[in-house]
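The chain contents come next:
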Amino acid sequence: MNKTAKSVIQFAVFLALGFGIVWYIFHNMTDEQIAQCKNALLNANPLLIAVAFFLGLIAHFIRALRWQIIMEPIGYKPTITNTYAATLIGYIANLAFPKLGEVTRCGVLTKYENIPFEKSFGTVIAERLFDTLCWLLIVAITVLIEFNRLYAYFKATVLDWAINKFNAAGSIKWLIIAALLLGAAIGFVVIKKIISKNNKIKSFVDGLTSGLTAIITLKRKGLFLLYTTLLWTTYLSAQYVGLLCVHETAHLSILAALSCIAFGTLGFVLPTQGGLGGYHVIIPQVLKLYNIPEGIGLASAWVNWGIGQIAILIGGFLSFIILPIINKNKKNEQHI
């Protein structure tokens, strides 16, 4: 199978997975819930949608500014125009093939800024790792603030069910626990051996080490932390404005937006285009914590998800058009 055919099949599989999940969601909803979702979408506030749209673009711009700083220790300082455009194009690549965005945005800077791919890629991986740590911190803060609400929901939906199942199973539960522990131990050993023998993984680890070194040796650590704070604050603001867009969720506090950021991010882990399906499963469940009906919760998920994807599509396609023009003018100025 050639590379093009393989890419087409991957694209189709990921897209089918996303639409399959969406179909499953609607298939299991009642007519009343579907009507709630439809009405909420039709009555969404267009002005606030525009505000959330621009907040999304601002967040990507802040990410580009921060990426610029990360590349300073390795000896490069690309223009903010190229860095911002590369970031947006990377997000578009993720819409086609999940996880391709990191590779694509580094490729753009290699083309227009002559930055070696492996060096910029190391900074991107380190950036992602740092953001993962930030996300885990946000999850921890959310759990602490909303502990009672989260525990009540978890107990009603998971804990009580699990206890009943284990009690019904009797002593077999200990066999299940032992099997899980044994499986975890075997899995750890197997993964460790794979990592030790796989050159690609070793290269990935080397690139990650390089990127982490770049963050550790930053000259402007304060500015890096400021941009990181602004980035996540803008994400939270966009999420909150997205809740305000839907009339039925407009009364919710910033804590509901915080919960959506903390747990909704898991929806983008699924290998589908832009988190299609995964995000739409999680957000209605999160909003149930705040007594929002599932149909309304799904509408809110579509609004927030749709705003983000449209911002990426418009910004990314404009970047495709503008980048060659800007860099052509720059080359002409250098020849003069």
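Residues numbered from 1 in each chain as written. Predicted model: local features only at pLDDT ≥ 70, side-chain atom pairs only at ≥ 80, totals over all residues. Heavy atoms only, no water.

**Concerning the overall build of the protein chain**
So, step 1. Check the secondary structure of the protein chain and you find 13 helices and zero strands.
So, step 2. Counting helices and strands in the order they occur from the N terminus, the protein chain gives α-α-α-α-α-α-α-α-α-α-α-α-α.
So, step 3. Among the 336 residues that make up the protein chain, the fraction classed as buried is 40%.
So, step 4. Counting only contacts in the protein chain whose residues sit at least 6 apart along the sequence, the fraction spanning at least 24 positions is 72%.
So, step 5. When the accessible surface of the protein chain is split by element, carbon and sulfur atoms take 71% of a total near 18,600 Å². (Helix = DSSP H or I, 4+ residues; strand = E, 2+ residues; numbered from the N terminus. Buried < 20%, exposed > 50% of the residue type's maximum accessible area, 1.4 Å probe, protein only. Contact = heavy atoms within 4.5 Å. Areas by Shrake-Rupley, 256 points an atom, 1.4 Å probe, with all protein chains shown as cover.)

**Quick notes on unusual backbone geometry**
So, step 1. Unusually for a residue other than glycine, Asn114 sits at a positive phi of about 55°.
So, step 2. Phi is positive for Asn291, which is not a glycine, with a value near 65°.

**Regarding helix 4 (residues 80-96)**
Two residues of an α-helix separated by three or four positions point the same way, owing to the 3.6 residues in each turn.
So, step 1. Its 17 residues give helix 4 an end-to-end C-alpha distance of 25 Å, which sits within 8% of 24 Å, the value for a rise of 1.5 Å per residue.
So, step 2. Most of helix 4 is tucked away: 14 of the 17 residues are buried. (Expected span 1.5 Å × (residues − 1).)

**Considering the nonpolar core**
So, step 1. With 62 residues, the main nonpolar core has Trp232, Tyr235, Leu252 and Leu287 as its most contacted residues.
So, step 2. Residues in contact with Leu287, not counting those within four places in the same chain, are Leu243, Leu252, Cys260, Ile292, Gly297 and Ser300. (Core = buried A, V, L, I, M, F, W, Y, C linked by side-chain atoms within 4.5 Å.)

**Focus on the packing of helix 6 (residues 117-145) against helix 11 (residues 254-264)**
So, step 1. Interhelical geometry of helix 6 versus helix 11 gives an angle of 135° and a closest axis separation of 9 Å. Put simply, helix 6 runs oblique to helix 11. Every pair of crossing elements has a handedness; the one defined by helix 6 and helix 11 is left-handed. On helix 11, the residues touching Trp135, Ile138, Val139, Thr142, Val143 and Ile145 of helix 6 are Leu255, Leu258, Ser259, Ile261, Ala262 and Phe263.
So, step 2. Among the residues making up the contact of helix 6 with helix 11, the classes are represented as ten nonpolar, two polar and no charged. (Axes fitted to C-alpha atoms, helices over the stretch in contact; angles between N-to-C directions. Parallel < 35°, antiparallel > 145°, perpendicular 65-115°, else oblique. Left-handed = near helix turned anticlockwise from the far one by under 90°. Nonpolar A, V, L, I, M, F, W, Y, C, P; charged D, E, K, R; others polar.)

**Some remarks on the pattern of salt bridges**
Pairing between side chains of opposite charge can happen when the charged atoms of each approach one another.
So, step 1. On inspection of all chains with the given rule, the structure shows nine salt bridges.
So, step 2. A salt bridge links Glu127 to Arg63; the shortest N-O distance between them is 3.3 Å. Taken together, the residues span a long stretch of sequence, with Glu127 in helix 6 and Arg63 in helix 3 (residues 46-71) at a distance of 64 residues.
So, step 3. Residue class for Glu127 comes out buried when judged on its relative accessible area of 0%.
So, step 4. Looking at Arg63, the relative accessible area reads 2%, which means it is buried.
So, step 5. Three or more residues joined by partner-sharing salt bridges are found here, namely Arg63, Arg66, Arg105, Glu127 and Asp131. (Salt bridge = Lys/Arg side-chain N within 4 Å of Asp/Glu carboxyl O.)

**Comments concerning helix 2 (residues 31-42)**
So, step 1. For helix 2, built from twelve residues, the straight-helix expectation of 16 Å at 1.5 Å per residue is met to within 8% by its first-to-last C-alpha distance of 16 Å.
So, step 2. Three or more residues of helix 2 are buried, namely Gln33, Cys37 and Ala40. Viewed along the axis of helix 2, the buried residues span an arc of 70°, placing them on a single side of the element. Facing away from the buried surface of helix 2 by more than 90 degrees, the exposed residues are Asp31, Glu32, Lys38 and Leu42. (Arc of directions from axis to C-beta.)

**With respect to the packing of aromatic side chains**
So, step 1. According to the stated counting rule, one finds nine aromatic pairs in the structure shown.
So, step 2. Judged by centre distance (5.2 Å) and plane angle (85°), the rings of Phe61 and Tyr84 are edge-to-face. Here the residue Phe61 occupies a position in helix 3, and Tyr84 occupies one in helix 4, the gap between them amounting to 23 residues.
So, step 3. Over the ring of Trp67 we find Arg105, and its NZ or CZ is 4.4 Å from the ring centre. (Phe/Tyr/Trp six-rings, centres within 6.5 Å; stacked < 30°, edge-to-face > 60°. Lys NZ or Arg CZ within 6 Å of the ring centre and 35° of its normal.)

**Describing the confidence of the model for the protein chain**
So, step 1. Within the protein chain, residue pLDDT values average 84, and 80% of them lie at 70 or more.
So, step 2. Model confidence for the protein chain, summarised as mean pLDDT per element, is weakest for helix 9 (residues 199-216) at 60 and strongest for helix 3 at 95. (pLDDT = per-residue confidence, 0-100.)

**Comments concerning the layout of surface pockets**
So, step 1. In this structure, the largest pocket encloses a volume near 1,300 Å³.
So, step 2. Along its surface, the largest pocket is lined by 42 residues, and Tyr91, Arg128, Tyr235, Thr265 and Phe268 are the ones closest to its centre.
So, step 3. Of all elements in the fold, only helix 3, helix 4, helix 6, helix 9, helix 10 (221-245), helix 11 and helix 13 (294-335) reach the threshold of two or more residues within the lining of the largest pocket.
So, step 4. For the lining of the largest pocket, the element with the highest residue contribution is helix 13, accounting for seven residues.
So, step 5. Of the residues that constitute the lining of the largest pocket, the class distribution is 24 nonpolar, 13 polar and five charged.
So, step 6. Each pocket or cavity is described by its volume, and for the second largest pocket that value is around 230 Å³.
So, step 7. Lining the second largest pocket are Cys134, Leu137, Ile138, Ile141, Thr228, Thr229, Trp232, Thr233, Leu236, Leu258 and Ile261.
So, step 8. Residue assignment for the lining of the second largest pocket shows that the elements contributing at least two residues are helix 6, helix 10 and helix 11.
So, step 9. In terms of residues, the lining of the second largest pocket owes the most to one element, helix 10, which gives five residues. (1 Å grid on protein atoms, 1.4 Å probe; cavity = no way out; pocket = protein on both sides within 12 Å on 5 of 7 lines; lining within 4 Å. Points joined across faces, edges and corners; volume = space filled by probe spheres on them.)

**Topic: the packing of helix 10 against helix 11**
So, step 1. Where helix 10 meets helix 11, the axes come as close as 9 Å, and the angle between the chain directions of the two elements is 115°. One element, helix 10, and the other, helix 11, form an angle in the roughly perpendicular class. The two elements helix 10 and helix 11 meet at a crossing, and its hand is right-handed. Here Trp232, Tyr235, Leu236, Gln239, Tyr240 and Leu243 of helix 10 come into contact with helix 11, specifically with Ile254, Ala256, Ala257, Leu258, Cys260 and Ile261.
So, step 2. Broken down by class, the residue content of the contact of helix 10 with helix 11 amounts to eleven nonpolar, one polar and no charged.

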